[in-house]
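Residue-level structural notes
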Amino acid sequence: MALLSVRNLTKAFGGLTAIKDLSFELQKGEILGIIGPNGAGKTTLFNLVTGFYRPNSGTVHLKGEDITGLRPHEIARLGLSRTFQITQPFANLTVLENVKIGAHCRNPSSQKAEELALQILDSVGLFEKRDTLASALPVGHRKKLEFAKALATQPELILLDEVVAGLNSKETNDMIDLIGKTQNQGITILLIEHVMKAIMSLSNRIVVIHYGEKIAEGPAEEISKDPKVIEAYLGEEYVFAENR
Ligand SMILES: Nc1ncnc2c1ncn2[C@@H]1O[C@H](COP(=O)(O)OP(=O)(O)OP(=O)(O)O)[C@@H](O)[C@H]1O
Ligand SMILES: [Mg+2]
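As a starting point, this report considers the structure included with it. What you see is a predicted model; the values in this text were computed from it and never measured.

1. Side note on the overall build of the protein
Scanning the protein from N- to C-terminus turns up 10 helices and 10 strands. Radius of gyration (C-alpha) of the protein: 18 Å, near the 18 Å computed for a compact globule of 244 residues. Considering only C-alpha atoms, the protein reaches an extent of 50 × 45 × 35 Å along its principal axes. Per-residue burial for the protein yields a buried fraction of 43% across its 244 residues. Taking the contacts inside the protein whose residues are at least 6 apart along the sequence as the reference set, 63% of them involve residues at least 24 apart.

Okay, here's the thing in structure tokens:
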């Protein structure tokens, strides 16, 4: 059984259909990349899967259970967590306090939540910043905090919305390592990203969205050469050897 199954999902905002009859499946342990031009509907897809928007039609199943229309916190409790493209920390709380809120999802005890939060901050490389106010963090650290908050809910499936975009080259490599490490821990990942180095090196499979519709799906090597994908998004073939 697929871990996540999206079937015939459609979402319209007034006259604009942002997601159109979209279907795909995600198997446990996989990294599935989602790519497509700006405005293609990628973030809208995440908002539908995580319960922030209700679809006009179609369904979302997690481990065989229909989660369509559930509230975001109910979906988080079932093991699905996400990051936000526009990072959304509680600005007046410290880094540790922010991550602790996520950790409370499965840890009612404050001490347990704090232990978990500190362990996650260590794993993402933010331990030293634990007492800094979230509002004072530079973008690279904000992205890590966003990731840490999602990890703190101890998800089975994590949806990452552009956690690499905007990072410098060292931060990019660190984030790619972190995503790979997360997969190695057994967490399944849905990855929206414009940074091709990240998408092509991490994704086991890629789904390409254009004007809300799926135009291609397959392994990275195949997608990078697909003429439809090159025309709609890539511009030119992505050459693996030059980007290793
Ligand atoms: N809440 C909303 N109300 C109205 N229109 C919306 C809303 N959210 C998204 N849209 C529209 O839906 C379309 C898809 O937007 P979405 O943010 O999902 O794109 P995206 O693929 O994530 O783009 P990007 O790569 O720039 O992040 C866009 O035309 C956008 O303007
Ligand atoms: Mg987006």
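2. A few points about the packing of helix α4 (residues 110–124) against helix α5 (residues 139–151)
Put simply, α4 and α5 touch, their axes get as near as 10 Å, and they point 140° apart. With respect to α5, the axis of α4 lies oblique. Relative to α5, α4 is oriented so that their crossing is right-handed. For the pair α4 and α5, the contacting residues are Ile120, Leu121 and Val124 in the first and Lys144, Phe147, Ala148 and Leu151 in the second.

3. Brief notes about the sheet that holds strand β2 (residues 16–26)
With respect to topology, four strands assemble into an open sheet ordered β2-β1-β4-β5, the strand pairing being antiparallel. Taken across any chain shown, the strands that pair with only one partner, and hence form the sheet edges, are β2 and β5 (65–66). As defined by bridge partners, strand β1 (residues 4–13) adjoins β2 across seven bridges and the pair is classed as antiparallel. For Phe13, the partnering residue across the bridge sits in β2 and is Leu16. Sheet strands touched by helix α1 (residues 42–49): β1, β2 and β4 (57–62). Its angle to β2, the strand with the most contacts, is close to 65°.

4. Comments concerning the site of ligand 1
The immediate surroundings of ligand 1 are formed by Phe13, Leu16, Ala18, Gly36, Asn38, Gly39, Ala40, Gly41, Lys42, Thr43, Thr44 and Gln85. For the shell around ligand 1, the secondary structure elements donating two or more residues are β2 and α1. Among the elements that make up the shell around ligand 1, the one with the highest residue count is α1 (three residues). Broken down by class, the residue content of the shell around ligand 1 amounts to four nonpolar, seven polar and one charged.

5. Looking at α5
Between its first and last C-alpha, α5 extends 18 Å over 13 residues, near the 18 Å set by a 1.5 Å rise per residue. Of all 13 residues making up α5, 11 are buried, and the element is well covered by its neighbours. Listed in full, the buried residues belonging to α5 are His141, Arg142, Lys143, Lys144, Leu145, Glu146, Phe147, Ala148, Lys149, Ala150 and Leu151. Each element contacted by the buried residues of α5 is listed here: β6 (80–82), α3 (95–103), α4, β7 (157–161) and α6 (169–184).

6. Remarks on α4
Its 15 residues place the ends of α4 21 Å apart at the C-alpha level, agreeing with the 21 Å of an ideal helix rising 1.5 Å per residue. Within α4, burial applies to Ala113, Leu116, Ala117, Ile120, Leu121 and Val124. Down the axis of α4, the buried set is contained in an arc of 140°. They therefore lie on one face. Buried residues in α4 make contact with α3, α5 and α6.

Definitions and limits used
- Residues numbered from 1 in each chain as written.
- Chains lettered and ligands numbered in written order.
- Predicted model: local features only at pLDDT ≥ 70, side-chain atom pairs only at ≥ 80, totals over all residues.
- Helix = DSSP H or I, 4+ residues; strand = E, 2+ residues; numbered from the N terminus.
- Rg over C-alpha atoms; globule rule 2.2 N^0.38 Å.
- Buried ≥ 20, exposed ≤ 12 C-beta atoms within 10 Å, placed from the backbone.
- Contact = placed C-beta atoms within 7 Å.
- Axes fitted to C-alpha atoms, helices over the stretch in contact; angles between N-to-C directions.
- Parallel < 35°, antiparallel > 145°, perpendicular 65-115°, else oblique.
- Left-handed = near helix turned anticlockwise from the far one by under 90°.
- Pairing = 2+ DSSP bridges.
- Near = placed C-beta within 6 Å.
- Nonpolar A, V, L, I, M, F, W, Y, C, P; charged D, E, K, R; others polar.
- Expected span 1.5 Å × (residues − 1).
- Arc of directions from axis to C-beta.

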